[in-house]
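# Residue-level structure breakdown
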Amino acid sequence: MPERPPRHRSAPRKHSWLRPPNGRTATPPTPPDRAPGPTGDPDGDPAGTQGSVVRAAVYRDGHRVATPDSLAETYRHLREHPESMAWIGLYRPTEGELLSLADEFDLHQLAVEDALEAHQRPKLERYGDTLFVVLRAARYLDAPEEVDFGELHVFVGPDFLITVRHGAAPDLSAVRSRMEATPELLALGPEAVLYAILDAVVDGYAPVVAGVQNDIDEIETEVFGGDPAVSRRIYELAREMVEFQRATRPLVGMLHGLMAGFTKYGTDDELQRYLRDVADHVTHTSERVDGFRSALADILAVNATLVTQQQNAEMRALAEAGFEQNEEIKKISSWAAILFAPTLVGTIYGMNFDHMPELHWAFGYPFAILLMAVVCVSLYFVFKRRDWL
């Protein structure tokens, strides 16, 4: 890494494998698990911490030499021991704290604004001799069956590393414990810590992938089981996969950008192997996420088809029921008409007027019965011909 101008102290660190091949590499814009540590665990769940600084430590040759209680004390340790490295962890810091760090470590204003505002897409940018990395961590929540995303900003300089978290994930306490347990790796400097953070973020995607796969299996069962609420679940999971894709896809380009500078900047061989492994994992995860989006799109199409078929079947059943009702009405109407004919004849001759035709005729009664029979039989054949009976 080139010599940086002294700010109150000097001592740049050794070579940097972080410098992009062309001076500055930013991942192009893309379309849109660890669980948190126990309460109060530094770098884990910030619920039990005081202020925004969840952990600050100073390391020399891979071993911790100081655990400052404040940023000012951290600055003092670095000035007194220029060969040391500071690792500062922040959780949703205030503007004053970030400005203090920017003044002490010569952080670029644009990077500080991004870290303060959050809601950034994953990217890798270089400002002078400081690398600024934005990562999107994820964790799967079993109870609500959804994916929770957190945002992590990392400043990597010659002798410092600053993490700014905007969310519960990832669990940086595990990263710090792992690095402190391997001092030979931590002795490689801030770039090794960045590798460990990248590895933790990418490893955190595995439980999310497993949880989403299980959700998709359940959704497929619900779709063919006719669950009416499954459409909403498919839509919500598809939206989460869009966010997941935005988190993973840029990482592929970011890691390839880092690997492109291996030879030019003399990257440690061990770190090269570690980063290649991380790149393989994130590529695999990105491909799985792409597959999830395609699968959800297919499931949504199948569900729409099944819903349409169900609606058509219901409409057909209603039409058949209406047809059957019409047929019954026809039969009832036909018999009503047939029975109405003799009723009409009988009603007329039942009025008991003195002067009525055929009232005293000897064949009047048989004639009336015959008339009723002829009319009824005639109506019966008429309705039968029209399929009403």
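Residues numbered from 1 in each chain as written. Predicted model: local features only at pLDDT ≥ 70, side-chain atom pairs only at ≥ 80, totals over all residues. Heavy atoms only, no water.

Topologically, Glu151 is positioned in strand 6 (residues 146-156). Apart from the residues within four sequence positions on either side, Glu151 is in contact with Ala118, His119, Gln120, Val134, Leu135, Arg136, Val164, Arg165, His166 and Gly167. (Helix = DSSP H or I, 4+ residues; strand = E, 2+ residues; numbered from the N terminus. Contact = heavy atoms within 4.5 Å.)

Turning to the packing of helix 4 (residues 172-181) against helix 6 (residues 190-203), a few remarks are in order. For the pair helix 4 and helix 6, the least separation of the axes is 10 Å and the interaxial angle reads 135 degrees. On the basis of the axis angle, helix 4 is oblique to helix 6. Read as a crossing pair, helix 4 and helix 6 show a hand that is right-handed. Contacts from Leu172, Val175, Arg178 and Met179 of helix 4 reach helix 6 at Ala192, Val193, Tyr195, Ala196, Ile197, Asp199 and Ala200. By residue class, the composition of the contact of helix 4 with helix 6 is 9 nonpolar, no polar and 2 charged. (Axes fitted to C-alpha atoms, helices over the stretch in contact; angles between N-to-C directions. Parallel < 35°, antiparallel > 145°, perpendicular 65-115°, else oblique. Left-handed = near helix turned anticlockwise from the far one by under 90°. Nonpolar A, V, L, I, M, F, W, Y, C, P; charged D, E, K, R; others polar.)

Quick look at the packing of aromatic side chains now. According to the stated counting rule, one finds 9 aromatic pairs in the structure shown. Here Tyr59 and Trp87 contribute two aromatic rings whose centre-to-centre distance is 6.2 Å and whose plane-to-plane angle is 45 degrees, an arrangement assigned as tilted. Here Tyr59 is found in strand 1 (residues 53-60), whereas its partner Trp87 is found in strand 3 (residues 85-91), with 28 residues between them in sequence. This pair shows no difference in class: Tyr59 is buried, exactly as Trp87 is. In textbook terms, an aromatic cluster arises when at least three aromatic residues are bridged by ring pairs, as seen for Tyr75, Phe105 and Phe160. The positively charged end of Arg176 is found above the aromatic ring belonging to Trp87, 4.2 Å away from the centroid. (Phe/Tyr/Trp six-rings, centres within 6.5 Å; stacked < 30°, edge-to-face > 60°. Buried < 20%, exposed > 50% of the residue type's maximum accessible area, 1.4 Å probe, protein only. Lys NZ or Arg CZ within 6 Å of the ring centre and 35° of its normal.)

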